[in-house]
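Close look at the chain arrangement
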Amino acid sequence: MERFRVVGGASLHGEVTVVGAKNSALKLMAAALLASGRTRLTNMPAILDVTIMAELLRRLGCEVDYEADAGVVEIDVPQVIGHRADYDLVRALRASISVLGPLVARCGEADVAVPGGDAIGSRGLDLHAAGLEALGATVHVTHGYLIAEAPNGLHGGEIRLDFPSVGATENVLMAAVLARGTTVLTNAAREPEIVDIAAMLTGMGARIRGAGTSVIEIEGVTELAPTQHAVVADRIAAGTWAFAAATTRGDVEVVGGVADHLGIALDHLSGAGATVTTTDRGFRVSTGGARLRAFDVATLPYPGFPTDLQPFALAYNAVADGSAMITENLFEARFRTVQELARLGAEARVDGHHVMLHGVEQLSGAPVEASDIRAGAALVIAGLVAEGVTTVSGAHHIDRGYAGFAAAMQGLGADVTREPDDAPYL
């Protein structure tokens, strides 16, 4: 086990590159199961989660070649694939639930262990199950496995999600493309990652209209073909660096970032005093060295403020000028970051699903612990604006979402290194 060692006092300057979105890449790998043959994915992130998903697909009978440095994954899917996703892999990667829809569509059955993943609160699978049931599957949980069966195949249906769940939208979308007839999915998630999956499926021969809106219509086809597809840019990684620049009073160009995918987050930073500009390579966040103003945040489904950027809003407002309220509307356990920020001297108080923060000039270095991917990255950024040394245990969490995180920080002028988790705190 390793941790990050962060020396405070850094103001980030320079450029950093983001590649394909973790939240899309893993689902695209699952979508490859829908067609026998060799699918090629490019612009893939070099992260641990891709390695885990690759192993899951191998256990289903696929051959998977992952060239992390080149950002390429090639998946050779046989005519006959397995239908059981084992607990030892699924427990480490919640995104593995995305194989559910493709397996039911291809095999007529799927046994997927109830997932684990980040410790950010309850994320029930009821919407996934309801969506598949509307397509004609029977779904139940037995011995820790979510089992879906459709021995006679799936059929189209009218589905309205009670909540615009990204995962449920993806599973319904990937199942419906091979269902008989037409499926209309309303209150669907609208994230760029949904548009990305729909684009890949369309390249495989699927018939999809409305991806990126709240109503998606899918006309089922009998067969899909393998394809080649480039993963959409990682908006959460891009947002991470935008907040890192703003929090440290820096100036960072995010190469490969798509400003339009971060509309509300960048609007907040601009309104707080940052200069946000679109460049020919991405976008740039500059503070002119000034301490920016605090601002309120309420997480909402896309195009609202992303819950995955909420920990960064906490770290930012901990040192911003003024007071702010952060409201978490999606995941009830995502305020675990607050107690770690308090160890660094943040003035924060949790009240239900709200956090009140009063910005201080500077935090104070201390040992803290990451509870999930984004919390870990946010704590590293907080360490940059703390006096002295901060250690962030649980480096493996950050590795799941960011490739070469310490090196990227160093490239922007920060003193961030990795060390054994049991090293003396100095």
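An account of the accompanying structure is given in this report. Not measured: the values here are computed from a predicted model. (Residues numbered from 1 in each chain as written. Predicted model: local features only at pLDDT ≥ 70, side-chain atom pairs only at ≥ 80, totals over all residues. Heavy atoms only, no water.)

**What to know about the sheet that holds strand β4 (residues 63–67)**
Pairing between the strands of a sheet comes from backbone hydrogen bonds, and it takes one of two forms, parallel or antiparallel. Here four strands make up an open sheet; going across it, the order is β4-β5-β3-β14 and the pairing mixed. Where the open sheet ends on each side, the last strands, each with one partner, are β4 and β14 (228–230). Mean inter-strand twist for the sheet, computed between neighbouring axes without regard to direction, equals 15°. In this sheet, β14 lies alongside strand β3 (residues 37–42) in parallel orientation, the contact comprising three bridges. Residue pairing in the sheet places Thr42 in a bridge with Ala230 of β14. On top of the sheet, helix α7 (residues 192–203) reaches β3 and β14; it is set at about 160° to β14, its chief contact. (Pairing = 2+ DSSP bridges. Helix = DSSP H or I, 4+ residues; strand = E, 2+ residues; numbered from the N terminus. Axes fitted to C-alpha atoms, helices over the stretch in contact; angles between N-to-C directions. Contact = heavy atoms within 4.5 Å.)

**Side note on the packing of aromatic side chains**
Per the counting criterion, the structure on display carries seven aromatic pairs. Summarising the aromatic geometry, the rings of Phe243 and Phe305 are spaced 6.2 Å apart at their centres and angled 80° between planes, so their arrangement reads as edge-to-face. Of this pair, Phe243 sits in helix α8 (residues 235–247) while Phe305 sits in the loop between β18 (297–298) and α10 (310–319), and the two are 62 residues apart along the sequence. Assessed through its relative accessible area of 1%, Phe305 is described here as buried. An angle of 35° between the planes, with centres 4.9 Å apart, marks the rings of Phe295 and Tyr316 as tilted. Of the two residues, Phe295 is situated in the loop between β17 (282–286) and β18 and Tyr316 in helix α10; the sequence distance between them amounts to 21 residues. Assessed through its relative accessible area of 9%, Phe295 is described here as buried. Look at Tyr316 and you get buried, because its relative accessible area is 1%. Through a chain of ring-to-ring contacts, the aromatic side chains of Phe4, Trp241, Tyr402 and Phe405 assemble into a single cluster. (Phe/Tyr/Trp six-rings, centres within 6.5 Å; stacked < 30°, edge-to-face > 60°. Buried < 20%, exposed > 50% of the residue type's maximum accessible area, 1.4 Å probe, protein only.)

**Let's talk about the pairing of strand β21 (residues 354–358)**
In β21, alternate side chains face the same way, and those of Val355 and Leu357 are buried while those of His354, Met356 and His358 on the opposite face are not. Direction of pairing for strand β19 (residues 323–327) relative to β21: antiparallel, over a ladder of five bridges. Paired with Ala324 across the bridge in β21 is Leu357. Here strand β20 (residues 347–351) folds back onto β21 in antiparallel fashion, the turn holding two residues, of which Gly352 has a positive phi close to 65°.

**Focus on the packing of helix α6 (residues 166–176) against α7**
The contact between α6 and α7 brings their axes to 11 Å, and the two run at 10°. For the element pair α6 / α7, the angle class is roughly parallel. Facing α6, whose interface residues are Val166, Thr169, Glu170, Leu173 and Met174, α7 presents Ile194, Ile197, Ala198 and Leu201. Grouping the constituent residues of the contact of α6 with α7 by class yields seven nonpolar, one polar and one charged. (Parallel < 35°, antiparallel > 145°, perpendicular 65-115°, else oblique. Nonpolar A, V, L, I, M, F, W, Y, C, P; charged D, E, K, R; others polar.)

**Some thoughts on the pattern of salt bridges**
Within the structure shown, the criterion is met by 24 salt bridges. Note that Glu74 is salt-bridged to Arg38, the shortest N-O span being 2.9 Å. A residue pair is termed long-range when its members are at least 10 positions apart, and Glu74 in strand β5 (residues 72–77) and Arg38 in strand β3 qualify at 36 residues. For Arg38, a relative accessible area of 34% gives the class partly exposed. Notably, a salt bridge pairs Glu193 with Arg235, separated by 2.9 Å at the nearest N-O pair. With Glu193 in helix α7 and Arg235 in helix α8, this pair connects stretches of sequence that are 42 residues apart. Residue Arg235 is classed as buried on the basis of its relative accessible area of 9%. Connected via shared salt-bridge partners are Glu55, Arg58, Arg59, Arg84, Asp86, Asp88 and Asp111. (Salt bridge = Lys/Arg side-chain N within 4 Å of Asp/Glu carboxyl O.)

**Notes on helix α9 (residues 263–271)**
Every buried residue belonging to α9 is among Ala265, Leu266 and Leu269, and all of these are buried. For α9, the buried positions fall inside an angular range of 90° around the axis, keeping them on one side. Pointing more than 90 degrees away from the buried face of α9 are the exposed residues Asp267 and Gly271. Packing partners of the buried residues in α9 comprise α8, β16 (275–278), β17 and α10. (Arc of directions from axis to C-beta.)

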